[in-house]
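# Notes for the structure review
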Amino acid sequence: SLLAGAAQSAFFVCCYRDDDVKPGDAFSLWLEGLEPRGMEKIEISNLSIESVNLMVSETLKVFPRITLPLSSQLHAKTRGNPLFLRQFMESLHSQSFILLRLNPPRWTWDLEKISSVELPESVVELLIEEMQTLSRNLKNSLRVVSCIGSRVTKQTLDVLVSALGQNLTAALEDLVKRGYLVQDKSSEVRFSHDKVQESAYETMVVAEQRMLHKKLGQLMFEKVVHDETLLFLAATQINLGGIDASFDRRKRVDIATLNQKAGNRAKDMSSFDVALQFFQNGILWVPVESGWSLDYDISLALHQSAVETACLLNNVEVVTELTTNVTANARNGTDNQACLFCLVKSLATCGQLEDSKNIAFVILEQLGEVVPREKGDPGFTMDFKSMVTALKGLSDDAILSMRATHQSERDDLSLSVYLILAYIYTEISPKHIPDVALQMLRITLNNGLSAVSPQAFASFAVTLVSMGGQDGLAWRIGKLAKRLLARPHSQRYSSAVAVHLGAGVDWVFEPIQSVAESSLNGQRSGLQVGDLLNARLNYRNYLASIYLGGKELSFCRDNFLDFLETSKKENKVLGSMYAEMCYRMSASLIEGIEYVDNLPSWDDISNKKERNIEFSYAFQAHNCMRSFLFQCYDGVMEGDSLLSRLQNTTNPPLLRPLLLLGVFYEGLLSFQLVRTHQDAKYMARGMEALQFIEKYSKTNPFTFENKYLLLEAARTELTDSDQAWIVYQKAIQSSNNHKFAHEEAIASELAGRCLFRMGMIIESHSFFTFAAGKYRSWGAKAIAQRVEVEMLQKFGEENSPMSGHHTQVDSSCLDILRGSPDHETNTSRKRSGH
């Protein structure tokens with residue numbers, strides 16, 4: 001139709017790629033229809049480098065000698081195809097790799113960036129097609145490089161050239177010119193595209209691939225003796241060649257040892273997946289018939305290394321399988337204990353707590369240590385008092401200058417087993433934790449300092465806080481634990497110390513924001529040394545601290561969600577229930593109390609509290625918080641109070657900031673219910689909560705002063721509104737000073753209600769408005785909406801934030817909210833006008 005009716009002198013040009021034309025498709029049929037009209041077909045081959053350079057020179061209006069380096073790159077990446085060339089140059093221009101410089105006006109380009117640009121898919125397909133036509137020498141050279149990897153260092157190339165001859169050098173240069181390989185400034189060679197490497201590798205059948213890997217591996221293996229930088233490459237190539245039973249025993253053991261070295265190096269670099277592969281390959285290279293007899297040492301070392309690494313990866317199956325092998329073949333208990341300990345850690349991490357605990361007991365029995373007693377055990381009580389007395393009699397210098405233990409490996413293992421038991425008992429039986437800490441410190445003081453000793457002091461400091469009455473000593477012992485981390489080999493336990501002190505001691509004295517920062521540093525320390533369990537627990541504690549400290553709720557929700565998804569993916573159960581609860585609370589405050597998604601609902605979480613007593617405390621604390629913020633009293637105050645449970649001397653939990661926050665909200669609820677129910681029971685609960693929080697506000701005013709003042713204001717309002725109003729102001733100011741925006745919102749809301757009852761309507765409205773704004777800045781949209789509904793009920797539609805018509809904030813209220821020193825005078829003066 002294009003040519004129908006056209007003059008005989010019409011000139012029509014159609015340009016297309018023949019590799020894009022398929023027989024029978026629409027374009028092919030159209031071309032066949034043109035043939036009767038006398039159309040001439042001209043086949044154009046790819047442009048040479050010279051032709052490409054001429055085209056580039058004319059396009060950019062730059063001399064050919066200047067554009068030649070650019071043209072060489074373009075030719076290599078387009079194969080000289082003029083259609084590819086035009087498209088590729090346009091792409092480079094759009095990425096500013098080819099650009100017009102204004103002063104002086106001329107085109108310029110970035111060769112380094114252009115060289116790193118991947119080849120277009122169409123060019124890759126051409127390269128792969130042309131690969132079949134390469135000479136035998138070029139094809140073999142491509143195969144060698146493809147076995148090494150996507151890129152080959154100059155050092156590796158030198159080894160290959162010296163072993164395979166100079167033909168390789170010439171071949172590589174030719175392959176670079178043809179576009180299969182790219183050579184950078186450091187003489188490193190890499191494939192121009194991943195698919196080119198894959199295609200080169202797949203020109204060999206599996207048997208040929210293994211044979212070439214084996215050949216290259218043996219070449220590298222001979223060089224490793226003099227150059228350990230080839231360690232990974234040598235081990236990888238030999239392993240890819242497959243286990244060769246024809247090698248003699250000595251050679252197979254040497255290759256196993258090579259894998260052990262490579263695995264250790266990878267482990268030091270925190271590349272645990274790679275390390276585990278080396279260790280497992282090393283195990284396979286050791287002859288089965290002599291592995292646990294003639295080659296016992298290397299077999300044991302490989303198994304222990306593999307178990308430790310699999311434990312870091314939480315690969316319970318590998319840990320269990322290899323530990324079973326060691327248990328069946330170990331010559332003594334000592335050789336077996338390290339693997340058993342890894343099994344204990346792995347089982348605990350994935351939630352198999354009873355199995356983990358039982359194996360820990362086996363190790364303790366082998367080491368001659370005692371199984372932890374319950375807190376109420378008379379023997380424990382006597383030993384605990386003796387330990388407290390001994391610590392009070394020891395100066396800091398005496399502890400820091402203690403001698404080192406003469407049995408460091410044994411003591412480190414004993415302390416580490418007790419430490420894992422502490423994690424297990426936190427979930428299943430908190431009443432055993434104090435004796436775990438006592439036994440750890442007993443070993444340290446009796447035998448001397450070991451690498452794990454800082455953790456012994458940290459654990460006992462936590463126990464002192466949970467037992468009550470020894471907070472000062474706990475603070476001192478905790479600081480000593482941190483100072484002991486400076487000892488040789490103790491630094492790798494920084495993450496474990498941070499977990500215990502952050503959750504159990506530091507919060508008693510330091511701002512919650514500082515505790516969060518310490519936990520985050522503890523996570524980083526754990527990741528650096530491969531202590532993934534404590535790194536994970538530190539991160540959970542960090543999230544909990546910023547969540548309790550009033551961090552923006554969507555940030556908390558998203559990070560708790562990420563923590564839970566990662567835990568599920570990696571089969572890490574320990575600590576997940578707590579994260580589920582914090583996620584659900586964050587999501588509810590944002591979306592509303594009825595909000596549900598695919599994670600456990602509030603009812604689902606409630607059903608779990610019966611299975612774990614420690615979790616039940618945290619759930620009750622959250623329930624108090626939820627009931628107060630949403631102002632829904634659905635039986636939350638029935639049964640024993642949270643505080644009475646915390647003060648249960650027979651089975652006290654580990655005190656944490658969340659539990660004190662729960663007591664704080666329980667106190668606020670109690671004073672509210674006194675007003676509505678006139679029940680002395682609630683007054684008693686409120687007073688107990690007030691006195692409890694007051695004690696901690698004295699040791700840590702940064703975190704608890706504003707909470708104490710708010711409880712005191714709520715109590716005072718029951719009898720004296722004027723005095724309560726003054727205390728509310730102090731609570732608001734303290735919340736602002738200590739950066740608790742969410743609790744500033746709570747204090748402002750309660751102050752607004754107090755003012756409303758006092759008849760100060762304008763001021764009341766101002767504080768309600770301020771509270772709603774603070775709730776929104778916290779991210780608690782659902783609570784802000786509740787406050788706005790209450791304002792609608794109190795002040796009418798015209799003055800409700802939901803209507804969009806707001807009463808102006810009174811200047812005296814602004815003084816209070818901004819912390820004016822004259823706010824009390826301003827308020828009393830303003831009130832006289834109402």
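One can find the structure itself at the top, above this paragraph.
Computed from a predicted structure; not experimentally measured. (Residues numbered from 1 in each chain as written. Predicted model: local features only at pLDDT ≥ 70, side-chain atom pairs only at ≥ 80, totals over all residues. Heavy atoms only, no water.)

### Some words on the environment of Gln439
On the secondary structure map, Gln439 appears in helix 22 (residues 433–447). Residue Gln439 is classed as buried on the basis of its relative accessible area, which comes to 4%. Gln439 has contacts with Val370, Arg373 and Tyr418, leaving out every residue within four places of it along the chain. (Helix = DSSP H or I, 4+ residues; strand = E, 2+ residues; numbered from the N terminus. Buried < 20%, exposed > 50% of the residue type's maximum accessible area, 1.4 Å probe, protein only. Contact = heavy atoms within 4.5 Å.)

### Quick notes on the side chain of Ser429
Mapped onto the secondary structure, Ser429 falls in the loop between helix 21 (408–428) and helix 22. A polar contact is formed between the side chain of Ser429 and the side chain of His432, at a distance of 2.6 Å. (Polar contact = N/O pair within 3.5 Å; in protein donor to acceptor, adjacent residues only side chain to side chain.)

### A word on the pattern of salt bridges
Here the structure, examined in full by the defined rule, presents 28 salt bridges. Of the charged contacts, one joins Glu354 and Lys357 as a salt bridge, the two residues approaching to 3.2 Å between their closest N and O atoms. Residue Glu354 and its partner Lys357 are located together in helix 18 (residues 353–367), separated by 3 residues, close to a single helical turn. Glu744 is the partner of Lys774 in a salt bridge, and the nearest nitrogen-oxygen pair spans 3.6 Å. With Lys774 in helix 38 (residues 761–778) and Glu744 in helix 37 (residues 741–757), this pair connects stretches of sequence that are 30 residues apart. (Salt bridge = Lys/Arg side-chain N within 4 Å of Asp/Glu carboxyl O.)

### A closer look at the packing of aromatic side chains
Tallied over the full model, the rule gives 19 aromatic pairs. Both rings, one in Tyr547 and one in Phe560, keep their centres 5.8 Å apart while their planes meet at 90°; by these two values the pair is edge-to-face. On the criterion of sequence distance, the pair formed by Tyr547 in helix 27 (residues 532–548) and Phe560 in helix 28 (residues 553–569) is long-range, its members being 13 residues apart. Each member of the pair, Tyr547 as well as Phe560, carries the same accessibility label: buried. One aromatic cluster in this structure is built from Trp507, Phe692, Tyr696 and Phe704. (Phe/Tyr/Trp six-rings, centres within 6.5 Å; stacked < 30°, edge-to-face > 60°.)

### A word on the packing of helix 13 (residues 249–268) against helix 15 (residues 296–312)
In contact at an axis separation of 11 Å, helix 13 and helix 15 are set at 30° when each is read in the N-to-C sense. Judged by the inter-axis angle, helix 13 sits roughly parallel to helix 15. Where helix 13 crosses over helix 15, the two elements pack in a sense that is left-handed. Along its contact with helix 13, which presents Val253, Ala256, Thr257, Gln260, Asn264 and Lys267, the element helix 15 presents Ile298, Ala301, Leu302, Ser305, Glu308, Thr309 and Leu312. Residue classes in the contact of helix 13 with helix 15 are distributed as 6 nonpolar, 5 polar and 2 charged. (Axes fitted to C-alpha atoms, helices over the stretch in contact; angles between N-to-C directions. Parallel < 35°, antiparallel > 145°, perpendicular 65-115°, else oblique. Left-handed = near helix turned anticlockwise from the far one by under 90°. Nonpolar A, V, L, I, M, F, W, Y, C, P; charged D, E, K, R; others polar.)

### A short note on helix 28
Here helix 28 spans 24 Å end to end across 17 residues, near enough to the 24 Å set by a 1.5 Å rise per residue. Looking at the packing, one finds that the buried side of helix 28 touches helix 27, helix 29 (576–591) and helix 38. (Expected span 1.5 Å × (residues − 1).)

### Quick notes on the pairing of strand 1 (residues 98–102)
With 5 bridges joining them, strand 1 and strand 2 (residues 105–109) adopt antiparallel strand pairing. Looking across to strand 2, one finds that Leu99 is bridged to Thr108. Hairpin geometry of strand 1 and strand 2 is characterised by an intervening segment of 2 residues between the two adjacent antiparallel strands. (Pairing = 2+ DSSP bridges.)

### Some thoughts on the environment of Ser567
Along the chain, Ser567 falls in helix 28. Overall, Ser567 belongs to the buried group, its relative accessible area being 4%. Between the C-alpha atoms of Ser567 and Arg536, which are 31 residues apart in sequence, the distance is 9.2 Å. Residues within four places of Ser567 in sequence aside, it is in contact with Arg536, Lys572 and Ser576.

### Some thoughts on helix 22
Compared with the 21 Å implied by 1.5 Å per residue over 15 residues, the 22 Å span of helix 22 between its first and last C-alpha is a close match. Counting buried residues in helix 22 gives 11 out of 15 residues, a clear majority hidden from the surface. Residues Ile433, Pro434, Asp435, Val436, Ala437, Leu438, Gln439, Met440, Leu441, Ile443 and Thr444 constitute the buried set of helix 22. Gly448, located one to two residues past helix 22, shows a positive phi value of around 110°.

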